[in-house]
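# Topology and contacts: notes
The residues making up each chain are set out below.
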Amino acid sequence: MADTVVATPQDTAKPRRKAVSEKVFGWLLVGPAMLFIAVIVAWPLAETIRLSFMEAGLGGEEYVGLANYQDLVESRKFHQTIVRTFYWMFLSVALKLILGLIGAALLNAAVPGRALFRVLVMPPWIIPMAIGMIGWLWLYNGYFGVLSGTMMKLGITDGPFEFLAYKQSAFYSAVVADVWVGTPMVTLFFLAAMQGVSRDLYEAAWVDGASRWYRFRRITIPQIMPVIVSMSLLSAIFTFNSFEIIWILTEGGPRGATTTLIVDTYKTAISNFKFGEGSARAVIIVILLGIFSILYLQVLKLVNRKYGTK
Amino acid sequence: MATLNLNAITKSFGAAQVLHDISLAIEDKEFVVFVGPSGCGKSTLLRIIAGLEEATSGAIVIDGQDVSDEHPVDRGISMVFQSYALYPHLSVYENIAFPLRVQKLGKADLDRRVQRAAEILQLTDKLHLKPGQLSGGQRQRVAIGRSIVREPKVFLFDEPLSNLDAALRGDMRVELSQLHGSLDATMVYVTHDQVEAMTMADRIVVLNGGRVEQFGTPMELYHHPANKFVAAFIGQPNMNFVPATVLGADQAGLTVELSGGHRMTLPVEPGSARAGDKVEVGIRPEHVTVAPEGMEISVRVLERLGGVSITYGETADGTRFCASLPGDAPIREGEPLTLSVAPRDCHVFQANGDVLRRQSAPEMTA
């Protein structure tokens, strides 16, 4: 029997016209998202970079080349701010991770009322930041605060102690408030990761005589290590960019003791109307976080190689 | 190696009692399989032996020593889990070495024991790999390796082959039997697969609803099932149960009339059976043959497996009946078929499920 050629619907359609309309349809789908990103991300970023080369204020703009960057490179105060920012970030993230790990391990333990405890860790994360910080302002207040009052009662101080009035105490008080806000999220992520570890692994180790601490060290930690690394990166970025906590508690004071890069940028650009210098700071933040993220991703790769399944 | 005695073990979870007064004596170097349907309590019983669950009452005695209150590691047992429970972040070497690292064994001794286990299980060239890079069978061997290095008194296996495909399961059955031979170890093995139980066990414990239905050698269970449950559970395809009425009992056995009207005198000890009693006659599918006279069934489904033809049909009163016939038997779906069975191959079960002991069945002990 001779072969019969039957035209399929694809053959009868006009392929050229269809290809074009598919392309247009694709752009129509992507378009809104692209427009959104262009307006919300790309344009402000480009504008920030442009402004960083300007002497810009309320009076107008003037191109100054790299002068803003040069000022920053030569500024001892700016160097101190960078060091302070990284110290703030590492201290706060370390505390969040340690407390998060301990909290998750406790919440993962088979104790009665475990579900209630899991809910109780969430308020710092849930309640609006401003309200939480006003609470901390009251706690840290020298005259009305619980902390100062308790210290006086215990005889640690002989008068009201204003936590946010002194350089060192203000810095560490801000760190404590930041840890308070950031720990619940870390805890819940660690808890979720711990719950994903097979119970059989623990039982097998138990049958082999491994202690609780040994099981935590040799099974739990390696099993959740990728989550620990990912969370530390996320937490580091959040902490680096943490603005509201410091601004509500101290506005970067006293005498710059709690001024991190993000606060410094705000103060320069918005409080002092030096848009050009502020933009240069913002660009430096982006570069620093970019470098930091790349380094972190390398660490994540190493961790996955060591603790991964292949 | 060691003996293992379970003395009147019971276990309850809240109000639900899952194990009822279980007593077993497992001999040194014996391979005992706990078998039963899902939820029968076999895994719970194994976990109680391991120390992962606490018995509500009763005692576990290993080598004459009551270990009921001992920590798992002090009981001298090791366990292979259904999921293998391998540490995915550790290499095969480190997985096998894990129990020895817990014991803080010296480096040389540790290495010697791991290498020996790897040799036994043919894993020497896989020691540097991680479990994720191994096949299911290899992972299973690593899990076994981890229990071997402990040099335990009793090995416990919790459905270790259930995650493997059928072909690999067959291979691993042989390997485990060989391993038992080479280690000369007391092994307790849990499975829901009666083929695994029959092929590997020295003795089988059939569990149902948290009770031991029968404890015996595979062939004892096959030829002398204690009750209808064991008879139905052991053997592939499952035994047929045909309703019958007792017509009379004498020294020759029990004369019954099957539901289809066919009469037979079965050589069983009549016990308390009397004329008029309702019983069930158990007939294994492999014991029937096509014959000109006998029990008539209507063939519904025919499975030609080559060597045998598994024939599913119904008797006149609707009782389902399965026959395992020669592969080339001239049978067609939808057609009637007359089957015959030798009376000495039949089992008789009373209304309460208990068996009437057969007079002429082989007295198999192994």
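All of the points below concern the structure found in this document. Just so you know, the residues in each chain are numbered from 1, in the order the chain's sequence is written. Chain letters and ligand numbers both follow the written order, the letters beginning at A and the numbers at 1. It should be noted that, the model being predicted, local features are given only for residues of pLDDT at least 70 and side-chain atom pairs only at 80 or more, the latter also being counted only at that level, while totals for whole chains, interfaces and linings use all residues. Computation of side-chain values: all heavy atoms of the structure, hydrogens and water removed.

A separate point is the packing of helix 4 (residues 76-108) of chain A against helix 14 (residues 275-307) of chain A. All names here are of chain A. Axes, fitted as lines to C-alpha atoms, cover a helix only where it is in contact. Angles between the N-to-C directions of the axes lie from 0 to 180 degrees. The secondary structure listing takes helices from DSSP runs of H or I that are at least 4 residues long and strands from runs of E that are at least 2 residues long, numbered from the N terminus. Between helix 4 and helix 14, whose axes approach to 13 Å, the crossing angle comes to 45 degrees. Taken together, the axes of helix 4 and helix 14 are oblique relative to one another. The handedness of the crossing between helix 4 and helix 14 comes out as right-handed. Contacts between helix 4 and helix 14 involve Phe78, Phe86, Met89 and Phe90 from the first element and Arg281, Ile284, Leu288 and Phe292 from the second. In what follows, roughly perpendicular refers to angles from 65 to 115 degrees, roughly parallel to angles under 35, roughly antiparallel to angles over 145, and oblique to any angle outside these ranges. Crossing chirality is assigned from the near helix's rotation relative to the far helix, an anticlockwise turn below a right angle marking it left-handed and a clockwise turn marking it right-handed. Contact between two residues is taken to exist if any of their heavy atoms lie within 4.5 Å; hydrogens are not considered.

Residue and element names in this part refer to chain B. Strand pairing requires that DSSP identify at least two bridges connecting the strands. Bridge analysis of strand 1 (residues 4-13) against strand 4 (residues 57-62) gives five bridges, and the strand direction is antiparallel. Residue pairing in the sheet places leucine 4 in a bridge with isoleucine 62 of strand 4. Here strand 4 runs beside strand 5 (residues 65-66); their pairing, made up of two bridges, is antiparallel. Its bridge partner lying in strand 5, isoleucine 62 is registered against glutamine 65. Connecting the antiparallel pair strand 4 and strand 5 is a turn made up of two residues, with aspartate 63 showing a positive phi of about 55 degrees.

This part is about the pairing of strand 16 (residues 308-315) of chain B. All names here are of chain B. Of the strand pairs in this sheet, strand 15 (residues 288-304) and strand 16 are connected by seven bridges, and their pairing is antiparallel. Paired with valine 299 across the strands is glycine 313, a residue of strand 16. Hairpin connection of strand 15 to strand 16: three residues between the antiparallel strands, including glycine 306 at a positive phi of 100 degrees. Pairing analysis gives seven bridges linking strand 16 to strand 17 (residues 320-326), with the strands arranged antiparallel. What sits directly across from valine 308, in strand 17, is proline 326. Count of turn residues in the strand 16/strand 17 antiparallel hairpin: four residues, of which glycine 318 carries a positive phi of about 90 degrees.

Time to look at the interface of chain B and chain A. Listed by partner, the interface residues are 27 residues for chain B and 22 residues for chain A. As used here, buried area is the combined drop in accessible area, with a 1.4 Å probe, of two parts when they are placed together. Both faces considered, chain B and chain A share a buried interface measuring about 2,100 Å² in area, 61% of it formed by carbon and sulfur atoms. Put simply, a salt bridge is a Lys or Arg side-chain nitrogen that is within 4 Å of an Asp or Glu carboxyl oxygen. At the surface where chain B touches chain A, the tally comes to two salt bridges. Measuring nitrogen to oxygen at the nearest pair gives 2.9 Å for the salt bridge that ties aspartate 208 of chain A to arginine 150 of chain B. Here a polar contact is recorded for every N or O atom pair within 3.5 Å, except that within protein the pair must consist of a potential hydrogen donor and a potential acceptor, and residues adjacent in sequence are included only if both atoms are side-chain atoms. Viewed at the interface, chain A and chain B are joined by nine residue pairs in polar contact (both at pLDDT 80 or more). Contributing elements (two or more residues each) for the side of chain B that touches chain A: strand 6 (77-80) and helix 2 (92-102) of chain B. Broken down by element, the side of chain B that touches chain A gets its largest block of residues, five residues, from helix 2 of chain B. When its residues are assigned to classes, the side of chain B that touches chain A shows 14 nonpolar, seven polar and six charged. Following the grouping adopted for this structure description, the nonpolar residues are Ala, Val, Leu, Ile, Met, Phe, Trp, Tyr, Cys and Pro, the charged ones are Asp, Glu, Lys and Arg, and the polar ones are all others, Gly among them.

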